[in-house]
Amino acid sequence: MLDKVEFANPEFFWLLLLLPLAVAWYVFKRKEQTASLRISSIQGFGKQSILSRLKPALLLLRLTALAAIIVAMARPQTEDISTRTKTTKGIDIVMAIDVSSSMLARDLKPNRLRALKKVAGDFIKKRPNDRIGLVAYAGEGYTKTPITSDKTIVLNSLKEITYGQLNDGTAIGMGLATSVNRLKESKAISKIIILLTDGVNNSGFIEPQTAAELALEYDIKTYTIGLGTNGNALSPIAYKPDGTFRYGMRQVEIDEKLLKDIAKSTGGKYFRATNNEKLEEIYDEINKLEKTEIEEFKYYKYEEKFRPWILLAGALLLFEWLLRNTLFRSFI
């Protein structure tokens, strides 16, 4: 009966201390009211003697009833808590991913593109309350997934991003402009782009600086990430007769000045990822920098449990009254 029950007025349990006093008072009064009588035999009082010995059971019934009343006064109740959350500051995010041939370089394991997809997937899972979209770019840019709150769609689209879907090259301006186009109509309080590249802008008809100005105009913050180890990296350098890549050491070239300028002009930040661990740290830092404000509402539902105790007390008192006025009547 008391499983998972809390008491609204537990101070009433102090009244239970009165019960031992009631027992002491009963024993004291019983001794005062009992007279001694010397007789040669009690054979004629056998039945009454048994009832007399059972008479304290009436007190036990009454005290148990009082204890039940005290428990009822303490208001036992169960509590059911339901929680609802409301996003008070939503963030719309577009992740712009470089898918040029250099993203197949193996300085990150197993290569840059696959390492990025794993880390980006973990980042998406950590943003359950935000809308996220994907833009892929190489020699040109296109929207892989419009901003959506359906993380399953975004994660599946991320898995589908591979090299070869676009003309080769690194059109940073196109990737950034396409991302801005996805966010310019957004009503979110905060809008950000995470643009990753491992090269130098060498394609596209929109200059990166122009795309950055568009981002600033629409109040879109841009985080830029330069991907690739310092020095040389094992990268695709030519095609084999079977169509696969032949790998060789090639100088890593990243236009860090451009990426820093884009980030600075839009209120973002530039990062450099030289290995898998550093890439994970960068996305974790961005996740911490861009916090979504969540308001939590808790609803409490209480169910009173005092009624069974009142019924128990009433039943005990009724039983005690019946015994007192029937079986024990001649002894009262």
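It should be noted that the structure appears before, not after, this text.
Enquirer: Looking at this structure, I do not really get the pattern of salt bridges. What am I missing?
Expert: Proximity of charged atoms lets side chains of opposite charge pair with each other. One pass over the structure, following the stated rule, counts 15 salt bridges. For Arg131, the salt bridge identified is with Asp92, shortest N-O distance 2.7 Å. With Arg131 in strand β4 (residues 131-137) and Asp92 in strand β3 (residues 91-98), the pair connects residues that are 39 residues apart, well separated along the chain. Its salt-bridge partner being Asp130, residue Arg127 comes within 2.8 Å of it at the nearest N-O pair. As far as the burial class goes, Arg127 and Asp130 line up, both buried.

Enquirer: Just to check I follow, could you spell out the packing of helix α4 (residues 112-125) against helix α9 (residues 276-289) for this structure?
Expert: Relative orientation and spacing of two packed helices are given, respectively, by the angle between their axes and the distance between those axes. Their axes nearest at 10 Å, the elements α4 and α9 cross at an angle of 25 degrees. Between α4 and α9, the angle is such that the two are roughly parallel. In this structure, α4 meets α9 at a crossing whose hand is right-handed. Contacts from Ala115, Leu116, Lys118, Val119 and Phe123 of α4 reach α9 at Asn276, Leu279, Glu280, Tyr283, Ile286 and Asn287. Its residues placed into classes, the contact of α4 with α9 shows seven nonpolar, two polar and two charged.

Enquirer: Sorry, what's going on with the sheet that holds strand β7 (residues 221-227) here?
Expert: Across a sheet, paired strands are connected by hydrogen bonds in the backbone, their directions being either parallel or antiparallel. If you walk across this open sheet you meet the six strands as β5-β4-β3-β6-β7-β10, and the pairing is mixed. Only two strands of the sheet have a single partner each, and these edge strands are β5 (141-148) and β10 (270-273). Direction aside, neighbouring strands of the sheet carry axes that sit 15 degrees apart on average. Judged from the seven bridges that link them, β3 and strand β6 (residues 190-197) form a sheet pairing that is parallel. Within the sheet, the bridge partner assigned to Ala96 lies in β6 and is Leu195. Its contacts with the sheet place α4 against β3, β4, β6 and β7, and it is angled at close to 170 degrees to β3. This element, helix α5 (residues 151-160), spans β3, β4 and β5 of the sheet and lies at about 160 degrees to β5.

Enquirer: Before we go on, may I ask you to explain the packing of aromatic side chains in this structure?
Expert: Two descriptors summarise a pair of aromatic rings, namely the distance from one centre to the other and the angle between the planes of the rings. Applying the stated rule across the entire model yields five aromatic pairs. Taken together, a centroid distance of 4.9 Å and an interplanar angle of 80 degrees make the contact between Phe7 and Phe13 edge-to-face. A relative accessible area of 25% means that Phe7 is categorised as partly exposed. Taking NZ or CZ as reference, Arg106 lies 3.7 Å from the ring centre of Tyr247, over its face.

Enquirer: Whenever I open this one, the pairing of β6 confuses me. Can you help?
Expert: Taken residue by residue, a regular strand's side chains alternate between the two faces of the sheet. Most of β6 is tucked away: eight of the eight residues are buried. Burial of the side chains of β6 extends over both faces: Ser190, Ile192, Ile194 and Leu196 are buried on one face and Lys191, Ile193, Leu195 and Thr197 on the other. In this structure, β6 lies alongside β7, joined through six bridges in parallel fashion. Paired with Thr197 across the two strands is Gly226, which belongs to β7. This β-α-β element, β6 to helix α7 (residues 208-217) to β7, shows right-handed connectivity.

Scoring rules and cut-offs
- Residues numbered from 1 in each chain as written.
- Predicted model: local features only at pLDDT ≥ 70, side-chain atom pairs only at ≥ 80, totals over all residues.
- Heavy atoms only, no water.
- Salt bridge = Lys/Arg side-chain N within 4 Å of Asp/Glu carboxyl O.
- Helix = DSSP H or I, 4+ residues; strand = E, 2+ residues; numbered from the N terminus.
- Buried < 20%, exposed > 50% of the residue type's maximum accessible area, 1.4 Å probe, protein only.
- Axes fitted to C-alpha atoms, helices over the stretch in contact; angles between N-to-C directions.
- Parallel < 35°, antiparallel > 145°, perpendicular 65-115°, else oblique.
- Left-handed = near helix turned anticlockwise from the far one by under 90°.
- Contact = heavy atoms within 4.5 Å.
- Nonpolar A, V, L, I, M, F, W, Y, C, P; charged D, E, K, R; others polar.
- Pairing = 2+ DSSP bridges.
- Phe/Tyr/Trp six-rings, centres within 6.5 Å; stacked < 30°, edge-to-face > 60°.
- Lys NZ or Arg CZ within 6 Å of the ring centre and 35° of its normal.
- Right-handed = clockwise from strand over helix to strand, strands pointing away.

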